[in-house]
Amino acid sequence: MIQHHDPLVNRFVRYISIDTQSDPNSEKTPSTDKQFDLARLLEQELKEMGLKDVLLDDKCYLTATLPANTEEPRPTIGFVAHMDTAPDLSGKDVKPRFVQYTGGDIVLDEKEGIRISTEFFPELEDYKGQEIIVTDGHTLLGADDKAGVTAIMDAIQHLVDHPEIKHGTIKVGFTPDEEIGRGADHFDVKRFAADFAYTIDGGKIGELQYENFNAASAKVTFKGLNVHPGDAKGKMVNAQLLAMEFNSYLPKELPSNTEGYEGFYHLIEMKGTVEEASIQYILRDHDRAKFEERKETILKMAQRINELYGEGRCTAEVTDSYFNMREVVEPQMYIVEHAAEAMRSVGVEPIIEPIRGGTDGSKLSFMGLPCPNIFAGGHNFHGRYEYLPVPSLVKAKEVIVAIASRQVEK
């Protein structure tokens, strides 16, 4: 294993060496048994730190408690990160490399021409003069969310090693299957017993988020009629063409042409034959009313296909995934303000903006645990161009320590 002069970075490298990719096609929890490999390592390390109530359950949820070291009344604060990596690209045999970045593109694999290009990723230039962790271009790095796991674990170790830093009761939680939308499904909020928490699952340094998309998935199925093409006139109904026609009716609001608070329809899969075809979408919008309209649009377009080609040709199923945590967090904005002040105390300017995605914190908030999201420092998640500036990871740890140790002002 590569050794670095900073133990924090060595911890990160240790965690990303363990493959924890989740599987959306699995119905069990965790979706992959290999997520237990990291969970058991974290369990051992938490016990070695001396934390209390360390529990790894049969569904791969790991929780622990760092008791308060002051009699001053303080809320119980939780920190949460997910252990799995995205199904989009392999997280096995990650080969990290440390780059002293001076500007321009970063070559990941010269032979295959794989590089992090400043043309497509201009924000890379923001990190001139910093050390950046990258891969060889053939796997994920795993900063989503092992950077978050690392920051939490190292912050807890720091608090254990420095008892002069006073804090209330601190809870830590690590979840499986966040990348496939199930990360909080079996999280025991009551047992966790925190007054509020933060997911450490954001991207660039400074991110502080308490708004996320409302999210749903849609599966649309088409029934065709297949006959020999030579005798098809007036008879054949091609299910694949019905799917293409259905997609053409939807508003052209796509991930590639929306930003900020703008929602979208995202076609994620299509397959089929003349006889039967299916397409799947994810639907996203920050505005709850517009979100409901998007779901209704899917159902209306399915009915339109049936009106044109006959009842039963098209069926649509729409399933809610998660909702905008703003509804829960906004009435308790002191939680966000506390994190913002903690960031400023360690020299990080908060960037408060909506998440164009989801987080365990969304479901946890609606389960009774208000849970904004904080940066872990990585960029370009879910792909081969992922990278992590080391100073951003350091600051993520420092922010956690500051949140834990500063008095909360409601």
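Refer to the preceding data block for the structure.
The structure presented is a predicted model; accordingly, all values stated were derived computationally and were not measured.

S.K.: What should I look at first to understand the sheet that holds strand E7 (residues 131–134) in this one?
M.R.: Pairing between sheet strands relies on hydrogen bonds along the backbone, with the strands arranged either parallel or antiparallel. Pairing within the open sheet is antiparallel, and its three strands lie in the order E4-E7-E17. Every other strand in the sheet has two partners, leaving strand E4 (97–100) and strand E17 (388–389) as the edge strands with one partner each. The pairing of E4 with E7 spans four bridges and is classified as antiparallel. Within the sheet, the bridge partner assigned to Gln-100 lies in E7 and is Glu-131.

S.K.: Explain the packing of aromatic side chains here, please?
M.R.: For any two aromatic rings, the description comes down to two numbers: the centre-to-centre distance and the angle of the planes. What the rule picks out here adds up to 12 aromatic pairs. When the ring of Phe-246 is compared with that of Tyr-281, the centres are 6.2 Å apart and the planes differ by 45°; the resulting orientation is tilted. Here the residue Phe-246 occupies a position in helix H5 (residues 239–249), and Tyr-281 occupies one in strand E13 (residues 276–285), the gap between them amounting to 35 residues. The two residues Phe-246 and Tyr-281 agree in class, both being buried. Here the aromatic rings of Phe-323 and Phe-366 are separated by 6.1 Å at their centres, their planes lie at 65°, and the arrangement is edge-to-face. Of this pair, Phe-323 sits in the loop between strand E14 (314–322) and helix H7 (326–329) while Phe-366 sits in helix H9 (residues 360–366), placing them 43 residues apart in sequence. What makes Phe-366 partly exposed here is its relative accessible area of 36%. An aromatic cluster is defined as three or more aromatic residues linked by ring pairs; in this entry it consists of Phe-79, Phe-196, Tyr-198 and Tyr-334.

S.K.: What am I meant to see in the side chain of Asp-285 here?
M.R.: Mapped onto the elements of the fold, Asp-285 is located in strand E13. At 3.0 Å, the side chain of Asp-285 forms a polar contact with the backbone nitrogen of Asp-287. Each residue touching Asp-285, except ones within four places of it in the same chain, is listed here: Phe-213, Asn-214, Tyr-261, Gly-263, Lys-290, Phe-291 and Arg-294.

S.K.: Is there a simple way to explain the sheet that holds strand E10 (residues 207–209) in this structure?
M.R.: With respect to topology, eight strands assemble into an open sheet ordered E1-E2-E8-E3-E9-E16-E10-E15, the strand pairing being mixed. Two strands lie at the open edges of the sheet, namely strand E1 (52–56) and strand E15 (351–352), each paired on one side alone. For E10 and E15, the ladder comprises two bridges, and the chain directions are parallel. Considered in E15, the bridge of Glu-207 is made with Ile-351.

Calculation rules
- Residues numbered from 1 in each chain as written.
- Predicted model: local features only at pLDDT ≥ 70, side-chain atom pairs only at ≥ 80, totals over all residues.
- Heavy atoms only, no water.
- Pairing = 2+ DSSP bridges.
- Helix = DSSP H or I, 4+ residues; strand = E, 2+ residues; numbered from the N terminus.
- Phe/Tyr/Trp six-rings, centres within 6.5 Å; stacked < 30°, edge-to-face > 60°.
- Buried < 20%, exposed > 50% of the residue type's maximum accessible area, 1.4 Å probe, protein only.
- Polar contact = N/O pair within 3.5 Å; in protein donor to acceptor, adjacent residues only side chain to side chain.
- Contact = heavy atoms within 4.5 Å.

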